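# Structural characterization, general
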There are 2 protein chains.
Amino acid sequence: MAELKKWYFEDFEVGQAIEVGTRTVTEEEIIDFASKFDPQPFHVDKDAAEKSIYGGIIASGWHTCSMMMRMLVDHFLRQSSSMGSPGVDEIRWLKPVRAGDTLSVSTTILETRPSTSKPDRGVVMTQWQARNQHGELVATVKGMGMYGRRPQ
Amino acid sequence: MAELKKWYFEDFEVGQAIEVGTRTVTEEEIIDFASKFDPQPFHVDKDAAEKSIYGGIIASGWHTCSMMMRMLVDHFLRQSSSMGSPGVDEIRWLKPVRAGDTLSVSTTILETRPSTSKPDRGVVMTQWQARNQHGELVATVKGMGMYGRRPQ
């Protein structure tokens, strides 16, 4: 028999807000990610970044999303019946994320919908939020996840 | 005087489709990215992935988007007046991306809009597509970019 998970489709309640942790990002991490995936000057080149509209190096938005994902995975996805995701909507990068910033991430359950075609799973719609140490919202994502249903 | 760029806001035409290159992804890259940012079993654990609905390791969707981003940066963003992005919409992960897959990425210009509040820039809306070596669409993203206007 398969090991029981902590979170199944049935465990998500609309309105529920889950704090998934905090993470401080370093300059080395920002430059390392951007060098691989988003080497625009304001992400990788200190001099160019200082002259840009950002006034210094900022994290790639894809890096910010990836850090949010890691916190979601550590906090509950890894202990869940997650079957992946068909996509996400409305990613907004609202404020720059800079070296030394500490992100606090939460996800709020917007909607849960059992699959009509596949009775073993359901979709959970979520709103992710990342705030910095000043309480400013820096990034939001509308997530969609597929979760297996609790075994009967 | 600042160095002239190859791509300014004025250089994007609605309907224009830009092929931005191809990239083959390795298992090492898939596991490396997912270990850092999305360590769900079907991204990092071969045995668990084989037993999952995916039948083997697949790339994190965030990794796929990040690889698309890198191709966009290499092909034109780095030679452009890009000022970053307020966000993206409608990311869809349509088919699994597996080790050995070769992604071909394109971006099509959907809309260009001069900023009404900031006369030095404009927003360009784009549709990104990634296809695998079988011609199957594996991921799509509606992008938004801010670009500086061509100096007069």
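About the cut-offs
Residues numbered from 1 in each chain as written. Chains lettered and ligands numbered in written order. Predicted model: local features only at pLDDT ≥ 70, side-chain atom pairs only at ≥ 80, totals over all residues. Heavy atoms only, no water. Contact = heavy atoms within 4.5 Å. Buried area = accessible area lost by both parts, 1.4 Å probe. Salt bridge = Lys/Arg side-chain N within 4 Å of Asp/Glu carboxyl O. Polar contact = N/O pair within 3.5 Å; in protein donor to acceptor, adjacent residues only side chain to side chain. Helix = DSSP H or I, 4+ residues; strand = E, 2+ residues; numbered from the N terminus. UniProt positions renumbered as here; feature names shortened; annotations may be inferred. Least-squares fit on C-alpha atoms with pLDDT ≥ 70 in both. Phe/Tyr/Trp six-rings, centres within 6.5 Å; stacked < 30°, edge-to-face > 60°. Buried < 20%, exposed > 50% of the residue type's maximum accessible area, 1.4 Å probe, protein only. Pairing = 2+ DSSP bridges. Axes fitted to C-alpha atoms, helices over the stretch in contact; angles between N-to-C directions.

## Concerning the interface of chain B and chain A
Across the contact, 39 residues belong to chain B and 39 residues belong to chain A. Three residues stand out in chain B for area buried against chain A, namely Phe37(B), Trp62(B) and Trp93(B), and they jointly supply 22% of the buried area on that side. The interface formed by chain B and chain A holds 2 salt bridges in total. Counting the contacts that link chain B with chain A gives 20 residue pairs in polar contact (both at pLDDT 80 or more). When contributions to the side of chain B that touches chain A are tallied by element, the ones reaching two or more residues are helix H1 (27–37), helix H4 (61–75), strand E2 (87–93), strand E4 (121–131) and strand E5 (137–148) of chain B.

## Side note on the UniProt feature "domain: MaoC-like" (unreviewed entry) in chain A
The positions UniProt marks with the feature "domain: MaoC-like" (unreviewed entry) are residues 14–115 of chain A. Strand forms 27% of residues 14–115 of chain A and helix 35%; the C-alpha atoms that close the span are 16 Å apart.

## Some remarks on the relation of the copies chain B and chain A
The two copies are related by a screw motion: chain B maps onto chain A through a turn of 180° and a shift of 0.0 Å along the axis, at an RMSD of 0.0 Å. In the structure described here, the two chain copies are related by an operation that fits a two-fold rotation axis. Every residue of chain B has its C-alpha some distance from the rotation axis, and the shortest such distance is that of Asp89(B), at 2.5 Å. An overlap of 100% is found between the interface residues of chain B and their copies at the interface of chain A, pointing to a shared contact surface.

## Overview of the packing of aromatic side chains
Within the structure shown, the criterion is met by 20 aromatic pairs over all chains. On the basis of an interplanar angle of 25° and a centroid distance of 5.2 Å, the ring pair of Trp7(A) and Phe12(A) is categorised as stacked. Both residues of the pair, Trp7(A) and Phe12(A), count as buried. An aromatic cluster of three or more residues is present, and its members are Trp62(A), Trp93(A), Trp128(A), Trp62(B), Trp93(B) and Trp128(B).

## With respect to the sheet that holds strand E5 (residues 137–148) of chain A
Reading across the sheet, the 10 strands line up as E1(A)-E3(A)-E4(A)-E5(A)-E2(A)-E2(B)-E5(B)-E4(B)-E3(B)-E1(B) and stay open at both edges, with antiparallel pairing between neighbours. Only two strands of the sheet have a single partner each, and these edge strands are strand E1 (17–24) of chain A together with strand E1 (17–24) of chain B. Here the strands of the sheet are splayed against their neighbours by 20° on average, with no regard to which way each runs. Direction of pairing for E1(A) relative to strand E3 (residues 102–114) of chain A: antiparallel, over a ladder of 7 bridges.

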